[in-house]
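# Chain and residue survey
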Amino acid sequence: MNAREAEIVVGVDGSEQSLAALHWAAREAHRRGAPLHVVTAYSVPMIGGSTFDVGYAAFDDAAMNRAVEDLVGEARRRVAELDVDVRSTVQAGDPSSVLLELSEDAQLLVLGSRGRGGLIGRLLGSVSTAVPAHAHCPVGIIPLQWGREYQLHENVSRRQAFVDGVTVGSDGSQQASSAMLWAAEEAEQLGVPLTVVCAAPSDSGSSAWLPSPVDFDNLRGEIQAAIDAGVRWLRGHFPNLDITGELVDGSPIHVLVERSVQNQLVVTGTRGRGGFAGMLLGSTSQGVLHNSAGPAMIVPCIRDPRLADRPDVAI
């Protein structure tokens, strides 16, 4: 099966965040013509509660099963109006492990930015931090803010500053190249332009901690050359897509979070490159997924024959 024909998996736990993720995942499934798999996973505590009257009481796992089945049923009802093939699963087990296993055969895994509080929140948990680094497919992280704003402004532009496009962060690493390919496919399917962004701090401030003087102008020239080479490579595989590359001053996290306010989707790789360039450009995925104002996608380093001809550049 082609990866783009596989199902989209969305984890739900009844929180507003997970319902926002469900809404986004259902839209994606409808747009791609893919089946939607709604998943709720929970772990039953090994130690029961204690009361003065009855001592230790066994945890009522049957009641929990009914609760989560009702939760998934409500999730299915929420997307019933969309022409999407939906199936649902309620599974006892560690939520992260369950979702990671399902990611092996999924084209996309979708999560809310954080889980709910209270008992069910402790059982279903927040997996948005643990899962993206180990998933076998791209992971979409949908913040609650997006869900609220989308419902409020569903038929109009969400913001005056909104730019209809996709942004992908790049630092020249193979992980970033995988993210660039996936971002280009997303932009092409959405019919919007793609911006490849590399963010690096300027030479302002103290650099006394560096082991030797650094020629920042030369370094930025090398980074710009790498961006240009990456954009040319990407255009070779997506000749009909509007692709631009930008080198901007600032923290990669801050730059991409700012773009998440303006764009439909922000894409990053799972981790950045090491060494000095890694300190400058770094791995931004964790910072972006925790702070993004709009949908963010974390892409693992996926085997793709198009990576064979990517430019061999070092930042």
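Residues numbered from 1 in each chain as written. Predicted model: local features only at pLDDT ≥ 70, side-chain atom pairs only at ≥ 80, totals over all residues. Heavy atoms only, no water.

### Here's the deal with the overall build of the protein chain
To be explicit about the condition: In this text, helices come from DSSP runs of H or I with a minimum length of four residues, and strands from runs of E with a minimum of two, each type numbered from the N-terminal end. Whether two residues touch is decided by their heavy atoms; if any such pair falls within 4.5 Å, the residues are in contact. Note on areas: Shrake-Rupley, 1.4 Å probe, and residue coverage restricted to the protein chains presented here.
Scanning the protein chain from terminus to terminus reveals 10 helices and 12 strands. In the protein chain, the proportion of contacts linking residues at least 24 apart, taken out of those at least 6 apart, comes to 80%. Per element, the accessible surface of the protein chain, about 15100 Å² overall, is 49% carbon and sulfur.

### Section: the nonpolar core
Note on soluble globular proteins: their nonpolar side chains tend to be buried together. Our working rule: Remark: nonpolar core denotes a set of buried residues (Ala, Val, Leu, Ile, Met, Phe, Trp, Tyr, Cys) joined through side-chain atoms within 4.5 Å. Relative accessible area decides the class of each residue, using a 1.4 Å probe on protein chains only: under 20% of the type maximum gives buried, over 50% gives exposed, and in between gives partly exposed.
Among the nonpolar cores identified, the biggest contains 52 residues, and V10, L36, V38, V110, L194, L234 and V267 are the most heavily contacted of them. Not counting chain neighbours up to four residues away, the residues in contact with V38 comprise V10, V12, L22, V72, A75, V86, R87, S88 and T89. Core analysis: the next-biggest nonpolar cluster, separate from the first, contains 17 residues, V39, L100, C137 and V139 among them.

### A few points about the environment of V139
The topology assignment puts V139 in strand β7 (residues 139–142). When its relative accessible area of 0% is taken as the criterion, V139 is described as buried. Put simply, V139 and V9 are 130 residues apart on the chain and 9.5 Å apart in space, counted from C-alpha to C-alpha. What V139 contacts, discounting residues up to four positions off in sequence, is L108, L109, L111, V131, P132, A296, M297 and I298.

### A few points about helix α3 (residues 95–102)
A large share of α3 lies buried, amounting to six of its eight residues. For α3, the complete set of buried residues consists of P95, S96, V98, L99, L100 and L102.

### Quick look at the sheet that holds strand β5 (residues 86–92)
In plain terms, the rule: We treat two strands as partners when DSSP finds at least two bridges between them. As a rule, the C-alpha atoms of each element are fitted with a line to give its axis, helices using only the stretch in contact, and angles between N-to-C directions run from 0 to 180 degrees.
Sheet architecture is open: 10 strands sit in the order β5-β2-β1-β6-β7-β12-β11-β8-β9-β10, paired in mixed fashion. The open sheet has two free edges, formed respectively by β5 and β10 (243–249), since each of these has just one partner strand. The average angle at which neighbouring strand axes cross in this sheet is 25 degrees, direction not considered. As paired elements, strand β8 (residues 166–169) and strand β11 (residues 265–269) share three bridges and run parallel to each other. When the sheet's bridge partners are listed, V166 is paired in β11 with L265. Docked against the sheet, helix α6 (residues 174–190) engages β8, β9 (194–200), β11 and β12 (296–299), running at close to 175 degrees with respect to β8. Where helix α8 (residues 252–262) meets the sheet, it contacts β8, β9, β10 and β11, and its direction lies at approximately 150 degrees from that of β9.

### Re helix α1 (residues 16–32)
This is how the line gets drawn: What a helix should span is 1.5 Å times the count of its residues minus one.
Taking 1.5 Å per residue, 17 residues should reach 24 Å; α1 reaches 24 Å between its end C-alpha atoms and fits that length. Along α1, the residues classified as buried are Q17, S18, A20, A21, L22, W24, A25, A26, E28, A29 and R32. G33 sits one or two positions beyond α1 and adopts a positive phi of about 70 degrees.

### A word on the pairing of strand β6 (residues 108–112)
For β6, a buried count of five out of five residues is recorded, marking the element as mostly surrounded by other parts of the structure. Going residue by residue along β6, you find L108, V110 and G112 tucked away on one face and L109 and L111 tucked away on the opposite face as well. Of the strand pairs in this sheet, strand β1 (residues 8–11) and β6 are connected by three bridges, and their pairing is parallel. Along β6, the bridge assignment pairs V9 with L109. Of the pairings in the sheet, the one linking β6 to β7 comprises four bridges and is parallel in character. Residue pairing in the sheet places L111 in a bridge with I141 of β7.

### Quick word on the pattern of salt bridges
Rules: Salt bridge, as applied in this entry: a Lys or Arg side-chain nitrogen positioned within 4 Å of an Asp or Glu carboxyl oxygen.
A full pass over the atoms with the stated rule returns eight salt bridges. Salt bridges linked by common partners bring E28, R31, R32 and E186 together as one network.

### Focus on the confidence of the model for the protein chain
We count it as follows: What pLDDT reports is the predictor's confidence in each residue, on a scale of 0 through 100.
Per-residue confidence for the protein chain gives a mean pLDDT of 76, with 71% of residues at or over 70. Predicted confidence for residues 115–125 stays below pLDDT 50, and this span has 26 contacts to residues more than four positions away or in other chains.

### What to know about the packing of α1 against α6
Note the cut-off: These descriptions rest on fixed angle ranges, namely under 35 degrees for roughly parallel, over 145 for roughly antiparallel, 65 to 115 for roughly perpendicular, and the rest for oblique. Residues are grouped as follows: Ala, Val, Leu, Ile, Met, Phe, Trp, Tyr, Cys and Pro are nonpolar; Asp, Glu, Lys and Arg are charged; every other residue, Gly included, is polar.
Two elements in contact, α1 and α6, have axes separated by 12 Å at closest approach and are oriented at 70 degrees. Considering the angle they form, α1 stands roughly perpendicular to α6. Mapping the contact onto sequence places E28, R31 and R32 in α1 and W182, E186, Q189 and L190 in α6. Class assignment for the residues of the contact of α1 with α6 results in two nonpolar, one polar and four charged.

### Description of the pairing of strand β2 (residues 36–42)
Worth spelling out the cut-off: Crossovers are described as right-handed under a simple rule: with the strands pointing away from the observer, the path leading from the first strand over the helix to the second runs clockwise.
Judged by how many residues are buried, β2 sits mostly within the fold: seven of seven residues are covered. Of the two faces of β2, the one carrying L36, V38, T40 and Y42 and the one carrying H37, V39 and A41 are both buried. Sheet analysis places β1 next to β2, joined by four bridges and oriented parallel. Looking at the pairing, V10 lines up with V38 of β2. The handedness of the β1 to β2 crossover, carried by α1, is right-handed. Both β2 and β5 contribute to a ladder of seven bridges, which runs parallel. Bridged to L36 within β5 is V86.

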